[in-house]
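Residue-level structural notes
Next come the chains, spelled out residue by residue.
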Amino acid sequence: MALRTLITAVAASSLAVGAWAQSNDRPEMLEALGPPPIPADNPMTDAKVELGKKLFFDPILSGNYGMPCSACHLPDAGWAVQDKISFGYPGTTHWRNSQTIVNSAYYSKLFWAGASGSLEHQARSAARGGVAGNGEDDMMEARLAFVPEYREAFKEVFGDDWPLVRHAYMAVAAFQRTIVQTDTPFDEYMRGDDDALTEQQKDGLDLFVGKANCVACLTGPLLSNEAYYNIGVPPYDGWETDELAQITFRFELLAKGVTEDMYRTTKDDPGLYFRTKQKSDKGKFRVPSLRYTAYTYPYMHNGMLETLRDVVEFYNAGGGENEFSENKSDLIQPLGLEDGEVDALVAFLESVSGEELLIEEPDIPVMEPLPVAQN
């Protein structure tokens, strides 16, 4: 029996394990991924996307002319960084795992704690972030003006007499909206191809919407409800031994305005608390999409789970413990999955990634002296 004909949510209790009933339709909480939304104030054009592609790989949008967007979002590393913690601006490290930009066009909130509401704002925050690009807008804007190719492109795309850095962020965002994957085996199955998933993957989907109740949080076409939870991910182990990571983490605590006591004693990422300053939000992070995760290991906000099987086993055990476990979500309970069921669920998770998305990096234009006015 095709699983698309198996499950619907019982609305009042859809967050409870097993709160799914049989129906004659596909899983209502899950959908194939359609085209990405395009904001009215930043329409897509080929010229804008091409400009954004160059800027994404160009270190010109950084403080030291050495940290392009691609430094932490490597195409051959899942458009992320295949390490626990992302790279940082020289003299620092990052304090969180680098998230893939694949399908980031669909998010309503960017970053692990939802600090940006658009790709345009996210690009600006990353370029200017103290442990990321560490750039200053006026400096980056001046550099752009020294590149004839950019002067011409910004004039064509935005009508700028001289390149405006806010338009650079818009171009980068437009490029990112082209890095999407909508043809995974899961998508093809949801569109009606019964052969797109293996029998084991179909069993895994059954578990995903049933016994394992993954759909409590991993819903919709993005496979994320974009809500915030503390699931008990253990603290990043590098903070115990890596001096640079310790210094960077303390900088982030201070910069984001924690209390004096937290600054001196906290050894775990407060997550959403950085934004809300509510104790109940300590250790909470936005649910990331499951899409393209075959290439974005390791997992969680601090990379403390190495493989997709580690992730499933983590949830099967009822999550873990961290410094803020008093806020651990009640949704995180032991699942009781047997080994074969774990295998099936992992197989299903692999079906929400398609072929690896790789592109040829563009040639980066060079600076030249500004033209001298002629009398």
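Figured I'd write up the structure that's included with this text. Since the structure is predicted, the reported quantities are computational estimates derived from the model, not experimental observations.

**As for the pattern of salt bridges**
Evaluation of the coordinates by the stated rule reveals 17 salt bridges. Between K84 and D237 there is a salt bridge, with its nearest N and O atoms 2.8 Å apart. In this pair, K84 sits in the loop between α1 (46-57) and α2 (119-128) while D237 sits in the loop between β3 (228-229) and α8 (243-255), placing the two residues 153 residues apart along the sequence. Using a relative accessible area of 24% as the deciding quantity, one classes K84 as partly exposed. Relative accessible area serves as the criterion here: at 36%, D237 is assigned to the partly exposed category. The closest approach of N and O atoms between E120 and R177, which form a salt bridge, is 2.8 Å. Highlighted residues: E120 in helix α2 and R177 in the loop between α5 (165-176) and α6 (185-190), separated in sequence by 57 residues. The same class applies to E120 and to R177, which are both buried. Beyond isolated ion pairs, a larger network of salt bridges with shared partners links R124, R128 and D137.

**Considerations on a negative patch on the surface**
Together, D76, D183, E355, E356 and E361 line one region of the surface with negative charge. Along the chain, D76 falls in the loop between α1 and α2. D76 sits in the exposed class, given a relative accessible area of 56%.

**Topic: the packing of aromatic side chains**
One pass over the structure, following the stated rule, counts 15 aromatic pairs. The interplanar angle of 65 degrees and the centroid separation of 6.5 Å between the aromatic rings of F57 and W79 together place this pair among those described as edge-to-face. Of the two residues, F57 sits in helix α1 while W79 sits in the loop between α1 and α2, which places them 22 residues apart along the sequence. The pair F57 / W79 is uniform in exposure class, with both members buried.

**Side note on α2**
Since one α-helical turn is 3.6 residues long, residues separated by three or four positions face the same way. L119, E120, Q122, A123 and A127 are the residues of α2 that are buried. Looking straight down α2, one finds that the buried residues subtend no more than 160 degrees of arc, so they occupy a single side. Contact partners of the buried residues in α2: α3 (137-145) and α5.

About the criteria used
Residues numbered from 1 in each chain as written. Predicted model: local features only at pLDDT ≥ 70, side-chain atom pairs only at ≥ 80, totals over all residues. Heavy atoms only, no water. Salt bridge = Lys/Arg side-chain N within 4 Å of Asp/Glu carboxyl O. Helix = DSSP H or I, 4+ residues; strand = E, 2+ residues; numbered from the N terminus. Buried < 20%, exposed > 50% of the residue type's maximum accessible area, 1.4 Å probe, protein only. Patch = residues over 30% accessible without salt bridge, like charges linked within 9 Å, V, L, I, M, F, W, Y side chains within 5 Å. Areas by Shrake-Rupley, 256 points an atom, 1.4 Å probe, with all protein chains shown as cover. Lys, Arg positive; Asp, Glu negative; His and termini not counted. Charge placed at Lys NZ, Arg CZ, Asp CG, Glu CD. Phe/Tyr/Trp six-rings, centres within 6.5 Å; stacked < 30°, edge-to-face > 60°. Arc of directions from axis to C-beta. Contact = heavy atoms within 4.5 Å.

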